[in-house]
Amino acid sequence: MRSDANIAGPMADPVPGPRSAETAGGPVSGPPGFGGDVSRETLPPMDDTPIGRAAQLAVEALGRAGAGLPRPPQTRVMVVANQKGGVGKTTTTVNLAASLALHGGRVLVIDLDPQGNASTALGIDHHSEVPSIYDVLVESKPLSDVVQPVADVEGLFCAPATIDLAGAEIELVSLVARESRLQKAIESYEQPLDYILIDCPPSLGLLTVNALVAGAEVVIPIQCEYYALEGLGQLLKNVDLVRAHLNPRLHVSTILLTMYDGRTRLASQVAEEVRTHFGKEVLRTSIPRSVRISEAPSYGQTVLTYDPGSSGALSYLEAAREMALRGLPGGVSVEYDPNGAYAPQGEHSEHNPHSMSEGIQ
Ligand SMILES: Nc1ncnc2c1ncn2[C@@H]1O[C@H](COP(=O)(O)OP(=O)(O)OP(=O)(O)O)[C@@H](O)[C@H]1O
Ligand SMILES: [Mg+2]
């Protein structure tokens, strides 16, 4: 794996930080794939009402997507994991990946779930004959043999999963270096990339362990529902175990609140609880519950191309921007203190040796 700053060109970003009314507005000037259909969720520019302001933010976000972001010095390998089912792992993987690519990065999505939902959402064929991540893990095929470009988004690629992967958990058991097969495959991948996002299945088996060994950062989507934190302790303990024995670089870098419904008190209570537990790992941007987000996969698209002006697209663009800026030297980074206090560090640190699992069931 190699990161080559000359390939995708500079991702010069306008000044990060809160947007002001002065910078909002103007014509939509996004990259190819933007514009097109305007839905009811797409907000047209209006006056100084909440809807008008939201519309202006959407327009500005699309402009920002075209302008791009600074690139990470090395490929960031991010594992999107939560063994709870249906919390938004796949949705987050594909939409963050598309957002990062629209911001100008080169991004690979590795579909590590036998359900193949990420492949579907990116419009990648994944019937059982297609060369897939199964061949990489079990047959030791090079990753480059299975990676396909995503049609609608320049700079976005996908290593698809087929149903064969369902047997991989068992087949891997008897193979040499069964936990580090994905890591080896990524290491030997020659193409320059800014980000690799790995979509994990809803379990903590060998497939997820392979992802945790291959990555440096864990991204945990948390659905803003009752029981949101239940079971999370198990994931965090696995992260600790993998860090202790197999991959010292591994740390939880990002927590993203998904399916947030601002009208319910429950959602804000869950959000508050998550922020209290995790502090600065939680992105400021949360992803709203959005019909457009849930419709997009059935068209083989991310919400970024399906309805670029929708609140869902806007929030993923913003979350991606936050994530990209946090990963830079000097960006936001925190060290976990088991007593509950978070001490900001001056520089971004790849290593967070402290356990986060205490206090969580
Ligand atoms: N912000 C959102 N608004 C509305 N629907 C959403 C949102 N995020 C995800 N969904 C929907 O919720 C369902 C579960 O999402 P998703 O498939 O991303 O979860 P997952 O954690 O990957 O699930 P699994 O554990 O089965 O892999 C899907 O139908 C998806 O379209
Ligand atoms: Mg999924």
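Now for a description of the structure that goes with this document. For clarity, every value in this text was computed on a predicted model and none was experimentally measured.

1. Some details on the overall build of the protein
For the protein, the count of helices and strands is twelve helices and nine strands. The 361 residues of the protein split such that 48% are buried. In the protein, the proportion of contacts linking residues at least 24 apart, taken out of those at least 6 apart, comes to 77%.

2. Brief notes about unusual backbone geometry
Not every positive phi belongs to a glycine, and Ala-177 is a case in point at roughly 50°. Within the chain, Tyr-227 stands out as a residue other than glycine whose phi angle is a positive 70°. Of the residues examined, Tyr-227 has 11 C-beta atoms within 10 Å and is grouped as exposed.

3. Some points on the sheet that holds strand 1 (residues 76-80)
A sheet is described by the order of its strands in space; here seven strands give the open sequence 3-4-2-5-1-6-7, paired in mixed fashion. For this open sheet the edge positions go to strand 3 (148-149) and strand 7 (251-258), each flanked by a neighbour on one side alone. The sheet contact formed by strand 2 (residues 107-111) and strand 4 (residues 156-159) spans four bridges and is parallel. For Val-109, the partnering residue across the bridge sits in strand 4 and is Cys-158. Each of strand 1, strand 2, strand 4, strand 5 (195-199), strand 6 (217-223) and strand 7 is contacted by helix 2 (residues 89-102), which is oriented at about 165° to strand 5, the strand it contacts most.

4. Section: the pairing of strand 4
Of the two faces of strand 4, the one lined by Leu-156 and Cys-158 and the one lined by Phe-157 and Ala-159 are each fully buried. Sheet topology note: the strand 3/strand 4 ladder contains two bridges and is antiparallel. Bridge assignment links Gln-148 to a residue of strand 4, and that residue is Cys-158. Connecting strand 3 to the next strand, strand 4, in antiparallel fashion are six residues, including Gly-155 with a positive phi near 85°.

5. A word on the packing of helix 7 (residues 206-214) against helix 8 (residues 232-245)
Contact geometry for helix 7 and helix 8: axes closest at 10 Å, N-to-C directions at 55°. In terms of orientation, helix 7 and helix 8 fall into the oblique class. As for the relative orientation of helix 7 and helix 8, their crossing is right-handed in sense. Residue-level contacts link Val-209, Leu-212 and Val-213 of helix 7 to Asn-238, Val-239 and Val-242 of helix 8. For the contact of helix 7 with helix 8, the residue count by class is five nonpolar, one polar and no charged.

6. Points about helix 8
An ideal rise of 1.5 Å per residue puts 20 Å on 14 residues; helix 8 measures up with 20 Å between its terminal C-alpha atoms. Restricting attention to buried positions, one finds in helix 8 the residues Leu-232, Leu-235, Leu-236, Val-239, Val-242 and Arg-243. Seen from one end, helix 8 has its buried residues packed into an arc of 120°, which puts them on one side. Counted as exposed and oriented over 90 degrees from the buried face of helix 8: Ala-244 and His-245.

Definitions and limits used
Residues numbered from 1 in each chain as written. Chains lettered and ligands numbered in written order. Predicted model: local features only at pLDDT ≥ 70, side-chain atom pairs only at ≥ 80, totals over all residues. Helix = DSSP H or I, 4+ residues; strand = E, 2+ residues; numbered from the N terminus. Buried ≥ 20, exposed ≤ 12 C-beta atoms within 10 Å, placed from the backbone. Contact = placed C-beta atoms within 7 Å. Pairing = 2+ DSSP bridges. Axes fitted to C-alpha atoms, helices over the stretch in contact; angles between N-to-C directions. Parallel < 35°, antiparallel > 145°, perpendicular 65-115°, else oblique. Left-handed = near helix turned anticlockwise from the far one by under 90°. Nonpolar A, V, L, I, M, F, W, Y, C, P; charged D, E, K, R; others polar. Expected span 1.5 Å × (residues − 1). Arc of directions from axis to C-beta.

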